[in-house]
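# Analysis of the macromolecular model
One-letter residues, chain by chain:
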Amino acid sequence: MSKTIYEPHPSISKKAYVRSMNQYKEFYKKSIDNPDEFWGEISKQFYWETPADPNKFFSYNFDTKKGPINIKWMEGASTNISYNLLDKNIKNGMGDKIAFYWEGNDPEDYSRLTYKKLLEEVCKFANVLKSKGVQKGDRVAIYMPMILEIVVAMLACTRIGAVHSIVFAGFSSDSLAERMVDCKCKVLLTADSVFRGDKLLRLKEICDEAMQRSKKLGHEVAACIVVRHLRRLNCSINSNNFENSPASKPIPMTDDRDFWWDDEMEDASSSCYPVWVGAEDPLFMLYTSGSTGKPKGVLHTTGGYLLYAATTFKYVFDYHPGDIYWCTADVGWITGHSYVVYGPLANGATSVIFEGTPFYPKNDRFWSIVAKYKVNQFYTAPTAIRSLMKFGDEPVKKHDLTTLRVLGTVGEPINPEAWLWYYKQIGGDRCSIVDTFWQTETGGHVLTPLPGATPMKPGSATFPFFGVLPELLDENGKVIEGEGEGYLVFRRPWPGMMRTLFGNHERFEQTYFSKFDGFYCTGDGARRDEDGYLWVTGRVDDMLNVSGHLMSTSEVESVLSEHSSVSEAAVVPRPHPVKGECLYCFITPNQGMTFNDKLVAELKLRVRERIGPFATPDIVQHAPGLPKTRSGKIMRRVLRKIAVNDRNIGDTSTLADESIIELLFKNRPESVATA
Ligand code: WT7
């Protein structure tokens, strides 16, 4: 039998900021008993143009019965994030330190950026944004690959108090348009194209479609600024006759709307005085799927987010000056915001930023990058670990991974098998694994081990971070003490949590605070074991998690239902060995329409095009009817069972028509293996 508890290796604990559980408990107690003092102390690491009032460090209301939900940290203080991340570090002698090593999709492409150079670029681009009319509070949409300009773009926004709204560059043009219209962005930033593995993605073309669609929906951007990325690459597409390569295809540019990044930067001044903004002024927004309706624009503000991203980064990765840190997440997701950009830079860290995929040019790419840069902290997703496990240990053994100390995972529960492989094969039985539970909404880690302190249990996100007060509630909202399982909620805000949904505070209150008065509701379930460890068990709402990408069943259902042959669609998650979950779709065709392979292919393509490739359904099954309650609600619980061929469907007494169940079991595509 394998062990159930893994103590941090003494070599890790010895050097850590937090070296034992007792020390963790001490810090944690202070953060809960005296949050003003705890975070007030931390806030002194940063520059405030106007300091916070220590007697009114934070205020909040988590109870809809007592009035509107509000969360405020250091209200009245003012600062600038780019100033804290760049100018301040440079003043402290870090100007020539590397902020980022950039590693391209192709190993021949790489570069680096110092703090000094990053500041210069940020100031120049802030001036470019100003020249396009961008002012404090304006939204700037960013649809960019993992290139250094995405960091420059984000920080340039913060320099002038503009609000960035990044859309992951794997979303379709429709998804991008919907988000641009919702946030009414003034400017859109992108790149010509990018290679992911050997696939070429023409980002500017997607942006053109999105801008066209956005215009139809009544919103026009003032400018679109495009990084000329492909031409500067060294890799074979350029050396082998660029003019004849697909990458050389001209990029259509619309006069007076589209501009090349490098042209704009040429004459831009490299000085830009920071705009001081309020601690509670918006920093950025980032869309996340909602279980109903359109995506939610999660809004984060300046002061609290800075404190929280910086502090979680320091303690959870145990980052010490001189370490090399690498987070593989795309900047288009919250993980990239907090732990590629804001957290690391706030600590003056040196990071790797990687444009490519784990499988290109070969399946050892991650490990070759760890060895190349002598990475100390490595942060990735369970789905990546599982997909790399498949190739065995050979690709790993080729590389020296002994510099690693901390291994992180995020995005979904990690199965013990993947955890153990990560621990043994990547971590050499020596590294601490931090299984970090958090959400776009939480801004930073909320449940996580600390590498030098927490004895690890494979699959458990363990204990709360400083300042976080988790509870488990039963269906009636009663707090579960000790061992048990229930809804994972939080009793109190920490500095980095979201403040509202952009333009829709009512939906914010409804989604997160209406289920249980006085608590922020995560939408996840969790279990507390006999040692007090927390195990996140997954979503309790109609959301599913494919390769760490959260999406709602209704979002996919509405795309499927738009097809002219489809009468009704129901989507459920089904366990998947690599992706964690995949989409299993039940389709009821319109009267007279036949269900065939052509329809299946069309439906898959439609979801791909409308939402993005990561949302492509794995299985589309014919459903002559759907299991519904007498009131017409689809019983997804039953469909989940059918998806895995489990006949144990439980109580069906509320079903309007029980005969449909047998039909659906019979209609399971033969190619589907039983789970
Ligand atoms: C949802 C949030 C936070 C960045 C990535 C995803 C799931 C996330 C874990 C974990 C179990 C996890 C939850 C959560 N999740 N991390 N360590 N263990 N589940 O951000 O898209 O906002 O998704 O991801 O279900 O609610 P997101």
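Note that the structure is predicted; figures quoted are calculated from it, not measured.

### Side note on the sheet that holds strand E24 (residues 520-528)
Judged by pairing direction, the sheet is antiparallel, and its four strands sit side by side in the order E21-E22-E24-E25 without closing on themselves. Two strands lie at the open edges of the sheet, namely strand E21 (470-473) and strand E25 (534-539), each paired on one side alone. Neighbouring strand axes in the sheet, compared pairwise and without regard to direction, differ in orientation by 45 degrees on average. The pairing of E24 with E25 spans five bridges and is antiparallel. Looking at the pairing, Ala 526 lines up with Val 536 of E25.

### Observations regarding the pairing of strand E11 (residues 223-227)
In terms of burial, E11 is a largely internal element, five of the five residues being buried. Neither face of E11 is exposed, since Ala 223, Ile 225 and Val 227 on one face and Cys 224 and Val 226 on the opposite face are all buried. As paired strands, strand E8 (residues 187-191) and E11 are joined by five bridges and run parallel to one another. Looking across to E11, one finds that Ala 191 is bridged to Val 227. The pairing of E11 with strand E12 (residues 258-260) spans three bridges and is parallel. Note that in E12 the partner of Val 226 across the bridge is Trp 260.

### A short note on the packing of aromatic side chains
Across all of its chains, the model carries 63 aromatic pairs by this definition. With centroids separated by 6.2 Å and ring planes inclined at 65 degrees, the aromatic side chains of Phe 359 and Phe 391 adopt a geometry described as edge-to-face. Of this pair, Phe 359 sits in the loop between strand E17 (350-354) and helix H13 (365-373) while Phe 391 sits in the loop between helix H14 (382-389) and helix H15 (394-397), and the two are 32 residues apart along the sequence. For Phe 359, a relative accessible area of 36% gives the class partly exposed.

### Concerning the nonpolar core
Membership of the largest hydrophobic core comes to 175 residues, with the highest contact counts inside it found for Leu 118, Phe 125, Leu 155, Leu 189, Tyr 342 and Leu 345. Residues contacting Phe 125, with those up to four places away along its chain left out, are Val 152, Ala 153, Ala 156, Leu 189, Ile 225, Trp 261 and Met 265. Counting 33 residues, the second-largest nonpolar core is a separate cluster that includes Ile 324, Leu 407, Ile 426 and Ile 433.

### Overview of helix H17 (residues 505-513)
One turn of an α-helix holds 3.6 residues; hence residues three or four places apart share an orientation. Among the residues making up H17, those that are buried are Arg 507, Phe 508, Glu 509, Tyr 512 and Phe 513. Of the surrounding secondary structure, the elements contacted by the buried residues of H17 are strand E2 (70-73), strand E15 (296-301), strand E23 (500-501) and E24.

### Brief notes about the pairing of strand E27 (residues 549-552)
In terms of strand pairing, strand E26 (residues 543-546) meets E27 through four bridges, oriented antiparallel. Bridging from a neighbouring strand, Met 543 pairs with Ser 552 of E27. Hairpin connection of E26 to E27: two residues between the antiparallel strands, including Ser 547 at a positive phi of 50 degrees.

### Here we look at the side chain of Thr 409
With respect to the element layout, Thr 409 can be found in strand E19 (residues 406-410). Setting aside its immediate chain neighbours within four residues, Thr 409 contacts Tyr 379, Thr 380, Pro 382, Ile 385, Ile 414, Tyr 422, Ile 433, Val 434, Asp 435 and Thr 436.

### Details of the domain arrangement of the protein chain
Split by domain assignment, the protein chain resolves into domain 1 (10-77 + 438-539), domain 2 (80-357) and domain 3 (547-672). Taking only C-alpha atoms into account, the centre of domain 2 sits 36 Å from that of domain 3. Domain 2 puts twelve residues into the contact, and the matching count from domain 3 is 13 residues. Roughly 870 Å² of surface becomes buried between domain 2 and domain 3 when both sides are summed, with 46% attributable to carbon and sulfur atoms. At the junction of domain 2 and domain 3, the tally comes to one salt bridge. The salt bridge involving Asp 174 is made with Arg 610; its shortest N-O contact spans 2.6 Å. Inspection of the domain 2/domain 3 interface yields eight residue pairs in polar contact (both at pLDDT 80 or more). Of the residues contributing to the side of domain 2 that touches domain 3, the split by class is three nonpolar, eight polar and one charged.

### Side note on the sheet that holds strand E5 (residues 110-114)
Taken in spatial order, the seven strands line up as E5-E4-E17-E16-E18-E19-E20 in an open sheet, and their pairing is mixed. Each having just a single partner strand, E5 and strand E20 (432-436) make up the two edges of the open sheet. Shown here is a sheet whose adjacent strand axes are inclined to one another by a mean of 20 degrees, direction ignored. Sheet topology places strand E4 (residues 98-103) next to E17; four bridges connect them, and they run parallel.

Each value, and the rule that gives it
Residues numbered from 1 in each chain as written. Predicted model: local features only at pLDDT ≥ 70, side-chain atom pairs only at ≥ 80, totals over all residues. Heavy atoms only, no water. Pairing = 2+ DSSP bridges. Helix = DSSP H or I, 4+ residues; strand = E, 2+ residues; numbered from the N terminus. Axes fitted to C-alpha atoms, helices over the stretch in contact; angles between N-to-C directions. Buried < 20%, exposed > 50% of the residue type's maximum accessible area, 1.4 Å probe, protein only. Phe/Tyr/Trp six-rings, centres within 6.5 Å; stacked < 30°, edge-to-face > 60°. Core = buried A, V, L, I, M, F, W, Y, C linked by side-chain atoms within 4.5 Å. Contact = heavy atoms within 4.5 Å. Domains from an automatic or database assignment. Buried area = accessible area lost by both parts, 1.4 Å probe. Salt bridge = Lys/Arg side-chain N within 4 Å of Asp/Glu carboxyl O. Polar contact = N/O pair within 3.5 Å; in protein donor to acceptor, adjacent residues only side chain to side chain. Nonpolar A, V, L, I, M, F, W, Y, C, P; charged D, E, K, R; others polar.

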